[in-house]
Amino acid sequence: MGSTTARGCVRENCQDCPVQGRLRCLHRLRDYLFFLVLFAAWAAPFLAGMTAGRHWTGLLVWLGLALIFFLYFEALILCRHCPHYLEAGASLRCHANYGLPKIPRFDPRPLRRWEQVLWLIWVAVLFLFHLPFFILDQQWPLLALTTGNLAVIWWIMRLTMCQRCYNLSCPLNRTPGKVREVFFRNYPDFARAWGKAKDESEG
């Protein structure tokens, strides 16, 4: 559909690409807005509950963890392994972390197992942070709403965004194998880093 491919892709344009529409190669405003709506569905009841319960210290701790995560840690562990990190500029242009600084250096290799585990743990801490506060304060409606929304968001992402994810290193990635094969043909730097270059050339 576009006349320009994503940076790092060997194709001159996206026309007739076999994975067009099946892989989120180019950032679209609608993708960012969709992700923002999903995040807001969790953040609104979370902030409402933390504020209503006057959990100010907990909220400050969460804010500190979130700032460290989004401003540096996620880029170091996850984002710098994504082709979006190659785009021009000092900040990210993707549906999930648009505008955040690209501080760590780009690395096309796949995540190690410990990196995946560490990323998942930090994500779990951030998005399940409300549990002890809401339970101890007996904020049952907000507990159900926040946790229920999180479960629905997880389900929606797994069915939609994760099946078209451009970052094959992400532990949540569900991109089909055939799409991955085309990706590695289009992105030889990633194919070499993942040890796929020889496989693809033989195929």
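Rules used in this analysis
Note that residues are indexed from 1 along each chain, following the sequence as it is written. Restriction of local features to residues with pLDDT of at least 70 applies here, the model being predicted, together with a cutoff of 80 or more for giving and counting side-chain atom pairs; totals for whole chains, interfaces and linings are based on all residues. By convention in this description, side-chain values take in all heavy atoms of the structure and omit both hydrogens and water. Between N-to-C directions, angles span 0 to 180 degrees; the directions come from axes that are lines fitted to C-alpha atoms, helices contributing only their stretch in contact. Helical segments are the DSSP runs of H or I of at least four residues, strand segments are the runs of E of at least two, and each set is numbered from the N terminus. Angles are sorted into four bins: roughly parallel if under 35 degrees, roughly antiparallel if over 145, roughly perpendicular if 65 to 115, and oblique for all others. By convention the crossing between two helices is left-handed if the near helix lies anticlockwise of the far one by an angle smaller than a right angle, and right-handed if it lies clockwise. Residue contacts are defined here by distance: any two heavy atoms, one from each residue, within 4.5 Å place the two residues in contact. Only the six-membered ring of Trp is used, alongside the rings of Phe and Tyr, when aromatic pairs are assigned; centres must lie within 6.5 Å, and planes under 30 degrees apart are stacked while those over 60 apart are edge-to-face, with the rest tilted. To sort residues, take the accessible area from a 1.4 Å probe on protein chains only and compare it with the maximum for the residue type: under 20% means buried, over 50% means exposed, and anything in between is partly exposed. Residues belong to a common nonpolar core when they are buried Ala, Val, Leu, Ile, Met, Phe, Trp, Tyr or Cys residues joined through side-chain atoms within 4.5 Å. Polar here means any residue outside two lists: the nonpolar Ala, Val, Leu, Ile, Met, Phe, Trp, Tyr, Cys and Pro, and the charged Asp, Glu, Lys and Arg; Gly therefore counts as polar. Helix span is expected to be 1.5 Å times the residue number reduced by one. Read the arc as the range of directions from the helix axis to the C-beta atoms.

K.L.:
Where do I start with the packing of helix α1 (residues 29-52) against helix α5 (residues 140-159) in this structure?
P.N.:
When two helices pack together, their arrangement is given by the angle between the helix axes and by the axis-to-axis distance. For the pair α1 and α5, the least separation of the axes is 8 Å and the interaxial angle reads 165°. Between α1 and α5, the interaxial angle falls into the category roughly antiparallel. At the point where α1 passes α5, the crossing takes the left-handed sense. Across from Phe34, Phe35, Leu38, Ala41, Trp42, Pro45, Phe46, Ala48 and Gly49 in α1, the residues of α5 making contact are Leu142, Leu145, Thr146, Asn149, Leu150, Ile153, Ile156 and Met157.

K.L.:
When you look at the packing of aromatic side chains in this model, what are you seeing that I'm missing?
P.N.:
The geometry of an aromatic ring pair comes down to the distance between the two centres and the angle between the two planes. Counted by the stated rule, this structure contains 20 aromatic pairs. Summarising the aromatic geometry, the rings of Phe106 and Phe190 are spaced 5.7 Å apart at their centres and angled 70° between planes, so their arrangement reads as edge-to-face. Taken together, the positions of Phe106 in the loop between α2 (56-77) and α3 (113-127) and Phe190 in helix α7 (residues 188-193) put the pair 84 residues apart, joining distant regions of the chain. Judged by its relative accessible area of 26%, Phe106 is partly exposed. Overall, Phe190 belongs to the buried group, its relative accessible area being 2%. Taking 4.7 Å as the distance between ring centres and 20° as the angle between the ring planes, the aromatic pair formed by Phe183 and Tyr187 counts as stacked. Of the residues examined, Phe183 reaches a relative accessible area of 2% and is grouped as buried. A relative accessible area of 2% means that Tyr187 is categorised as buried.

K.L.:
Honestly, the nonpolar core in this entry has me stumped. Any pointers?
P.N.:
Soluble globular proteins tend to pack their nonpolar side chains together in the buried interior. With 28 residues, the main nonpolar core has Trp42, Phe46, Trp62, Phe69, Trp119 and Leu126 as its most contacted residues. For this core, the elements supplying multiple residues, two or more each, are α1, α2, α3 and α5. It is α2 that provides the largest number of residues to this core, a total of six residues. Ranked by size, the runner-up nonpolar core spans 16 residues in total, among them Cys17, Leu23, Val182 and Phe183.

K.L.:
Would you mind going over the packing of α2 against α3 with me for this structure?
P.N.:
Running from N to C, α2 and α3 cross one another at 155°; their axes reach a closest spacing of 11 Å. Classified by the angle between their axes, α2 and α3 sit roughly antiparallel to one another. Our pair here, α2 against α3, has a crossing hand that is left-handed. Residues Trp62, Leu65, Ala66, Ile68, Phe69, Phe70, Phe73, Glu74 and Ile77 of α2 form the contact with α3, whose participating residues are Glu115, Leu118, Trp119, Trp122, Val123, Val125 and Leu126. Residues belonging to the contact of α2 with α3 are distributed by class as follows: 14 nonpolar, no polar and two charged.

K.L.:
So what exactly am I meant to see when it comes to α5 here?
P.N.:
Since one α-helical turn is 3.6 residues long, residues separated by three or four positions face the same way. Taking 1.5 Å per residue as the helical rise, α5 with its 20 residues ought to reach 28 Å, and the 28 Å between its terminal C-alpha atoms agrees with that figure. By the burial criterion, the buried members of α5 are Leu143, Thr146, Leu150 and Ile153. Seen end-on, α5 carries its buried residues on one side only, within an arc spanning 110°. Among the exposed residues of α5, those pointing more than 90 degrees away from its buried face are Pro141, Ala144 and Trp155. Here the buried face of α5 lies against α1, α3 and α4 (130-136).

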